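Descriptive structure summary
Letter by letter, the chains look like this.
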Amino acid sequence: MKKTTSAFAAVLLLVMLAAVQQLAVPVVLADDVSCSGVINDLSLCLDFLQGNAGQPSDRCCTGVKAIYAAADTAAARQATCECLKSAYNMVNADLYATQTLPGACGVPLSYTISPDINCSQIE
Ligand SMILES: *[C@@H]1O[C@H](CO)[C@@H](O)[C@H](O)[C@H]1NC(C)=O
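To keep things clear, this report deals only with the structure shown in the data block. Everything quoted here is computed from the prediction, not taken from an experiment.

Calculation notes
- Residues numbered from 1 in each chain as written.
- Predicted model: local features only at pLDDT ≥ 70, side-chain atom pairs only at ≥ 80, totals over all residues.
- Heavy atoms only, no water.
- Helix = DSSP H or I, 4+ residues; strand = E, 2+ residues; numbered from the N terminus.
- Buried < 20%, exposed > 50% of the residue type's maximum accessible area, 1.4 Å probe, protein only.
- Contact = heavy atoms within 4.5 Å.
- Arc of directions from axis to C-beta.
- Near = heavy atom within 4 Å.
- Polar contact = N/O pair within 3.5 Å; in protein donor to acceptor, adjacent residues only side chain to side chain.
- Areas by Shrake-Rupley, 256 points an atom, 1.4 Å probe, with all protein chains shown as cover.
- Disulfide = S-S within 2.5 Å.
- 1 Å grid on protein atoms, 1.4 Å probe; cavity = no way out; pocket = protein on both sides within 12 Å on 5 of 7 lines; lining within 4 Å.
- Points joined across faces, edges and corners; volume = space filled by probe spheres on them.
- Nonpolar A, V, L, I, M, F, W, Y, C, P; charged D, E, K, R; others polar.

Secondary structure summary: the protein contains 5 helices and 0 strands in total. Looking at the protein as a whole, 26% of its 123 residues are labelled buried. Long-range pairs, those at least 24 residues apart, make up 67% of the contacts in the protein with a sequence separation of at least 6.

What follows is the structure, given as structure tokens:
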């Protein structure tokens, strides 16, 4: 009886772990997809962001404008901010270049990106 119960418990645990994994995967993917969209849009700006170009290219600015257009709610702007922050740290970007990029592309960003910006304060 005891043995049956613990075997049952073990099976139940496996089922629960499988269920948790199935739940967890799409959540991680969804988060990853939105950030990878932002990073994909910014990938054409890498030269400029790393301080190796005087002006961002037209294709870079197209990406910057797409990011800006997609951030049309406070929640989206906060999520975009988080993505920009991690992208900034990931590519080891030049802070001045990063902060001037929106303006150089004619995009009126309402906040200044910095490595320690608190994204949850963006409205
Ligand atoms: C960021 O701002 C929010 C809202 O003002 C605040 O609750 C939170 O503690 C801040 N986080 C950090 C890391 O400063």
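With that settled, consider helix α5 (residues 95-104). Inspection of α5 places Ala-97, Thr-98, Leu-101 and Pro-102 among the buried residues, and these make up the whole buried set. Down the axis of α5, the buried side of the element spans an arc of 135°, and every buried residue falls inside it. Opposite the buried face of α5, at more than 90 degrees from it, the exposed residues are Tyr-96 and Gly-103. Looking one or two places after α5, you find Gly-106, whose phi comes out positive at around 75°.

Okay, the site of the ligand next. The immediate surroundings of the ligand are formed by Asn-118, Ser-120 and Gln-121. With respect to the ligand, the side chain of Asn-118 contributes an N or O atom lying 2.4 Å from an oxygen atom. Separating an oxygen atom of the ligand from a side-chain N or O atom of Gln-121 is a distance of 3.4 Å. The protein chains hide 26% of the 360 Å² of surface that the ligand would expose on its own.

It is worth spelling out the state of the cysteines at this point. Summed over all chains, the structure comprises 4 disulfides. Shown here is the disulfide that connects Cys-35 with Cys-83, its sulfur atoms set 2.1 Å apart. Because the sign of the S-S torsion sets the handedness, a value of about -110° for the bond joining Cys-35 and Cys-83 places this disulfide among the left-handed ones. Of the two residues, Cys-35 sits in helix α1 (residues 2-42) while Cys-83 sits in helix α4 (residues 74-91), which places them 48 residues apart along the sequence. Cys-83 carries the same exposure label as Cys-35, and that label is buried. Here the protein pairs its bonded cysteines, counted in sequence order, in the arrangement 1-6, 2-3, 4-7, 5-8.

The next thing to look at is the environment of Asn-52. Topologically, Asn-52 is positioned in the loop between α2 (46-49) and α3 (58-70). Relative accessible area serves as the criterion here: at 56%, Asn-52 is assigned to the exposed category. Residues Asn-52 and Ala-97, 45 residues apart in the sequence, show an inter-C-alpha distance of 9.2 Å.

Here we take up the layout of surface pockets. Remark: the empty space left among the atoms is shown by a probe the size of a water molecule rolled over them. Considering only enclosed or pocket space, the largest pocket measures out at about 410 Å³ in volume. In terms of lining, the largest pocket is formed by 25 residues, of which the most central are Leu-42, Ile-67, Leu-84, Leu-101 and Ile-113. Mapped by element, the contributors of at least two residues to the lining of the largest pocket are α1, α2, α3, α4 and α5. The element contributing the most residues to the lining of the largest pocket is α4, with 7 residues. Taken together, the residues of the lining of the largest pocket break down into 20 nonpolar, 4 polar and 1 charged.

Worth remembering: the numbers are spatial, not functional.
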